Each structure stands twice: as C-alpha cells, then as structure tokens.
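Structure assessment
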Amino acid sequence: MILPPAVVVPPTQSSPKVTNCMAEISKPVPSITPDLSEFFEGARNNRLIVQKCEQCARLRFPAYEICSNCRSTRASWVPVSGRGEVFSFNIMHQVYHPGFAAEVPYAVVVIELEEGCKFVSNLVGVKPHEIRCGMPVEVIFEKLSDEVTIPKFRLRAAR
Amino acid sequence: MSLRAKCAIAGLGQTRMGRNYDHASPVGFAAEAIQLAVDDAGLKITDIDGLLVNPGVTWMDSVMASFSLQQAMGLKDLRLSATMNIGGATAGAMIMHAAQAIDAGLANVVACVFADAPLKAPTPGKAKEGSAAAYGFGRGLNAAFGQFGVNAMYAFVARRHMHLYGTTNEHLGAIAVAQRQWANMNPDAQFYDTPMSMADYNSSRWIVEPFHLYDCCLVSNGGLAVIVTSAERAKDLKRPPVYILGMGQGHPGGDPMETLASGAPIAKETAFKMAGIELDDIDLAELYDCYTFTVLVTLEDYGFCKKGESGPFVANGRTGPNGSLPVNTGGGQLSSFYMWGMTPVSEGILQVRGEAGRRQVPKHDIGLVSGNGGILSTHSTLVLGAHP
Ligand SMILES: [Zn+2]
C-alpha cells in the first residue's frame, strides 16, 4: 500500500433511495464538476466525448488544464467511437461504499479506446471471472439521474 | 565532487510496530523514534540541527510537519528543516537531502523520520477496531464504477503484467512466502509468530484480484527515524557507521499500466555510478514492497532479471532465506511492518551493521535499498556500505 496522492476528492452525492420498503443505498453519483460539465452533457446525450489538445491533437481523459504532450492549455471536447478493448481489469472484493455491497465481487475495467484514450469503467453483461484483457467492447450509457449519465461498456463482435 | 561515503547513518530508532497505541498521534511516534535513534547513535537530542519529516496519512497539520514536530519536541536552533513527500520514495530522498546538506556544511546531525497512526485503539461498543480505511479513497467519477483505493490501481498494473508476461499468482505468492520466512526470524515483525505456506497464501481471501490479502502490505502504527551525519563524525559514535555509498532518484512520469516499470533504472544509474558498483556487488536487497507485485517489477528494473521474467526468477525461493539473492530480509512491509520507505531503510541498516540476529545474511558489505511511491511513480535508491 502506498500513500494516496494529495488529490482533492470531489464530493459525491450519495442519496439514499427507498424501494419496496427496503432501504437501498445507491452507488455514488459523481458531481458534475466544472471541468467535466461538457463530458456529462455529452453522456446525457449518449455521446462519449474526450478532451483534445488543440495544438498537438492528443486525446485525454479525465480533463486536465495542460496537455502533457505539448503543454498547451488550449483544448476542446471531441466525440470518439466508443469502441475499444479491455486493457486491464481488477475484481473488487472489499466494500468501500455501501452501494456496491450487493455486487462484490465485481470488476472494474480499464478500456483503451480505438483512438488511444483510456477509461476506467465497468463491463456490463460479462461475469467478472470471464473478463480477459483484449476483449472487444463498445460504449453504452447508464442514466443515474436526470443530470448524470455515465459511460459503461459491453462486449461487441470483433471485426 | 562525489558524495560517495561522505556521510553515514549513525543511528536507528524504531518504535513498537503494528497494533500499538502507545501514542495518540504520529507526532508522538515520531518523537519516540527520534529519541531512540539519538540514543542508538550515542548522541544527545540537542546535537540534532536538522529535521526532515515524512508525515504519514494521519498526520494532522502535515503541510508543516517538520515545524510542528520541532515544536512538539522542543528542538531549538535547527539549521535544516523540511516536510517531504514523494510517497514511499521519501525515506531515501530524506537521507539524500540530509547527506547533501551535511556535505555542504549546512547542517551536522540530521534526523529523518516517518511516523503514522492509522490504526485506532479498540473502543467499546464499536465493532471495528480500525482498518486500512484511512488509505481508501476514490475520485468522483471512478467511485461511480466502484474503483476505490490504491490496491485497485496497482491491481490494474499487475493484471497487465500477468497478461503480457504470463506472471501468475504463484509468482506473487513466492514473494509473499519468502518474505514471511524472513519475518519468522525477525522478532520485530508483526508476523514473527505466524508462518505461511504457499497453500496459506492461495487460500487467503481476495482483496482485489489479482491480489490476495498477503499480496498487500500491512497497516502499522509506529515511528522510524535515522540519524545522518558526516562519515568522520559517525566513526566516533556508538554504532558501526553505515556508509552512504550511493544515492539516486528516478521519477519516470507517464502511465505505469503502459510501462509496467518503476523509476528504478534512472535512480540506479545515479546511485551505482556514485557508489562505483555493479549489480553483482550487491549482497542483499531491501526493495520497497507495498505489494508482492512491486517487488517483482523492482527486481526487473534493477536488472536482477529481464523485464517480464521476474515471476520465474523468484519462483524457486531465490529471494528467501535459503535463496541466492536475499530480498526483504526482515519480512518487508508485507510481513514485518509498514513504515513506507523507512521499512527497507531500517532493515538495510541492521543487515549492513551485522545486527540482524537470526536473519543476518552472511555477506553484508553492500546493501541495496529502494523506495517507491505513487503507482510506480517515484523511486529512490540508496547503496549502503559497511566500509567507506
Ligand atoms: Zn498537446
């Protein structure tokens, strides 16, 4: 174990939902921080967009103020295919948030998009122990609230 | 001018480790460790004129930890003070900073300390007695996918290594088992009394695959300090001087999932050149082991084996008590205690001095000590020698 980097952790809105008289705690819903407002607007419209450096054209996600390739501060948001491969994954057995208690063990995947950008997400419809690096995937969208939709991935037929 | 053997580690101070609640905060552990280190060296607290602090995660006021510790201990008229943090590489970096300052005449006796107290004493009525929760964190978007904590990040990198090179859990387990065998000879280790077989490793619960419980380091309360001074002065003190023959840092940048490498190659180049040594000259290696996987990568990056070949390299017990390359001879952070980069530093000092008891390796002229922080993000190398 190593130290957590000194990041400012954006607050998550964790709103308890009551369904069928059973108290069900929902998963954390990400806050729409200013740097990701366009990303979430895209996701609401079922479009996966990432940041593109206007100087060197490198794609990046999450959003950063500076391009790590050319140090330019000029960037825009561009749509990407949403197609890619499982680059790596883990299988979480510990419950860090009660919203995931019913799902352990569950997998978190790193997707490498065809365009070369990486996403941490979930792979829907594949059992954790059946996930393999290199599996071809495509983006789908999961609506968490009126404001927040997040990209997840599912298997696609390999070309 | 080279800093080779200009300075030495003259004192080592180590509090009780693990589930001990001797102090309410890291400041208390740090103060105790510094007093022990000063006593070990045969110096007085008032001899300290430099204070470098690596605060653990539970250190309040960590932005100016060295000042708050100075005040807490009543240290007067320091010539050097800094709070440093490059994660697990900080211990090596503090010693490097101390040696530079001493060689430049900026300070004479520098205390370098790490302390942390993430474990809370059991309280009646509370089910949990404290846990690794202090280390759990998740960024906004990642949390929505259930990605929490450093374990989960390292798991991505380890999985990638397995995918590309065929590394297996048996390979990771070989590190865990070897280090446990060492810990079983170290009375200061949290797992001193607990042997572990490969079967025990394999049946230990998953934390986050591909990591079992015993792939992950311990969580410890404690403090660990060293005293750095000039080689000249160290010769006249109580303990055998541990000469700092070489030092280096390496911070590669980029994506560790792509590189599957640490900053060791960069840090090693600087440190080995200063020390005037080759890999074959190393008698023992104390390698930063936040995970079993980190040891594998570090062995590759120092060149003990080729990139991707560390699994088979360690599979036959090569790094254990009966192996040809003694690695993490006190049990490391996996099986002794978790004081970040100070864990390998302390064991390196004991081995080079020849004071490691039952686990002493027979030839201990030159010890390699590594530190690693972030996700293979920062790295420090120390080459410690029994002779100048
Ligand atoms: Zn750019």
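Presented here is a report on the structure given in the accompanying data block. Keep in mind that this is a model prediction, so the values were computed, not measured. (Residues numbered from 1 in each chain as written. Chains lettered and ligands numbered in written order. Predicted model: local features only at pLDDT ≥ 70, side-chain atom pairs only at ≥ 80, totals over all residues. Heavy atoms only, no water.)

1. Structural notes on the overall build of chain B
The number of helices and strands found in chain B is 14 helices and eleven strands. For 388 residues, the compact-globule estimate of 2.2 N^0.38 gives 21 Å, and chain B sits close to it at 20 Å. Across its three principal axes, chain B shows a C-alpha extent of roughly 55 × 55 × 40 Å. The 388 residues of chain B split such that 64% are buried. Long-range pairs, those at least 24 residues apart, make up 75% of the contacts in chain B with a sequence separation of at least 6. Entry remark: accessible area of chain B is about 13,700 Å², with carbon and sulfur atoms responsible for 53%. (Helix = DSSP H or I, 4+ residues; strand = E, 2+ residues; numbered from the N terminus. Rg over C-alpha atoms; globule rule 2.2 N^0.38 Å. Buried < 20%, exposed > 50% of the residue type's maximum accessible area, 1.4 Å probe, protein only. Contact = heavy atoms within 4.5 Å. Areas by Shrake-Rupley, 256 points an atom, 1.4 Å probe, with all protein chains shown as cover.)

2. Brief notes about the interface of chain A and chain B
In this complex, chain A contributes 40 residues to the contact, which on the side of chain B involves 45 residues. Both faces considered, chain A and chain B share a buried interface measuring about 3,700 Å² in area, 69% of it formed by carbon and sulfur atoms. A salt bridge links Lys118(A) to Glu258(B); the nearest nitrogen and oxygen atoms lie 2.4 Å apart. At the junction of chain A and chain B, the tally comes to 13 residue pairs in polar contact (both at pLDDT 80 or more). (Buried area = accessible area lost by both parts, 1.4 Å probe. Salt bridge = Lys/Arg side-chain N within 4 Å of Asp/Glu carboxyl O. Polar contact = N/O pair within 3.5 Å; in protein donor to acceptor, adjacent residues only side chain to side chain.)

3. Considerations on the sheet that holds strand 7 (residues 222–230) of chain B
Sheet strands line up and pair through hydrogen bonds in the backbone, either parallel or antiparallel. Residue and element names in this part refer to chain B. Ordered by their spatial adjacency, nine strands build an open sheet running 3-2-4-7-1-8-11-10-9, and the pairing between neighbours is mixed. In this open sheet, the two edge strands, each paired with only one partner strand, are strand 3 (80–83) and strand 9 (284–286). The sheet shows a mean angle of 25 degrees between the axes of neighbouring strands, direction not considered. Packed onto the sheet, helix 3 (residues 90–103) meets strand 1 (7–14), strand 2 (50–55), strand 3, strand 4 (109–116), strand 7, strand 8 (242–250) and strand 11 (378–385) and runs at close to 115 degrees relative to strand 8. (Pairing = 2+ DSSP bridges. Axes fitted to C-alpha atoms, helices over the stretch in contact; angles between N-to-C directions.)

4. Structural notes on helix 10 (residues 264–275) of chain B
Residue and element names in this part refer to chain B. Spanning twelve residues, helix 10 covers 15 Å between terminal C-alpha atoms, matching the ideal 16 Å at 1.5 Å per step. What helix 10 keeps buried is the set Ala264, Ala267, Ala271, Phe272, Met274 and Ala275. End-on, the buried residues of helix 10 take up no more than an arc of 155 degrees, which puts them together on one face. Residues of helix 10 that are exposed and point over 90 degrees away from its buried face: Glu269 and Lys273. For helix 10, the secondary structure elements touched by its buried residues are strand 8, helix 11 (292–302), strand 10 (366–373) and strand 11. Two residues or fewer past helix 10, glycine 276 is found with a positive phi of approximately 70 degrees. (Expected span 1.5 Å × (residues − 1). Arc of directions from axis to C-beta.)

5. Some points on the environment of Ile48(B)
Residue and element names in this part refer to chain B. The topology assignment puts isoleucine 48 in the loop between helix 1 (26–41) and strand 2. Measuring from C-alpha to C-alpha, the distance between isoleucine 48 and alanine 107 comes to 8.8 Å, with 59 residues separating the pair along the chain. Setting aside chain neighbours within four positions, we find isoleucine 48 in contact with Ile34, Val38, Leu78, Val109 and Ala111.

6. A look at the coordination of the zinc ion
Residues and elements named next belong to chain A. Here the zinc ion is held by Cys53 (SG), Cys56 (SG), Cys67 (SG) and Cys70 (SG), and the distances to it run 2.3 Å. If you look at the zinc ion, its four donor atoms make angles of 99 to 117 degrees with each other, and the shape they trace is tetrahedral. Each donor residue of the zinc ion lies on one chain, and together they are spaced C-x2-C-x10-C-x2-C. (Donors = N, O, S within 2.8 Å, 3.2 Å for Na, K, Ca; no water. Tetrahedral: all angles 85-135°; square planar, octahedral: opposite > 155°, others 65-115°.)

7. A short note on the packing of aromatic side chains
Residue and element names in this part refer to chain A. The final tally for this structure, using the stated rule, is 15 aromatic pairs over all chains. Between phenylalanine 39 and tryptophan 77 the ring centres are 6.4 Å apart and the planes differ by 45 degrees, which places this aromatic pair in the tilted class. Linking phenylalanine 39 in helix 1 (residues 37–44) with tryptophan 77 in strand 5 (residues 75–79), this pair joins segments that are 38 residues apart in sequence. According to the relative accessible area criterion, phenylalanine 39 is buried, its value standing at 0%. A network of ring pairs unites the aromatic residues Phe39, Phe40, Phe61, Trp77, Phe119 and Phe153 as a single cluster. (Phe/Tyr/Trp six-rings, centres within 6.5 Å; stacked < 30°, edge-to-face > 60°.)

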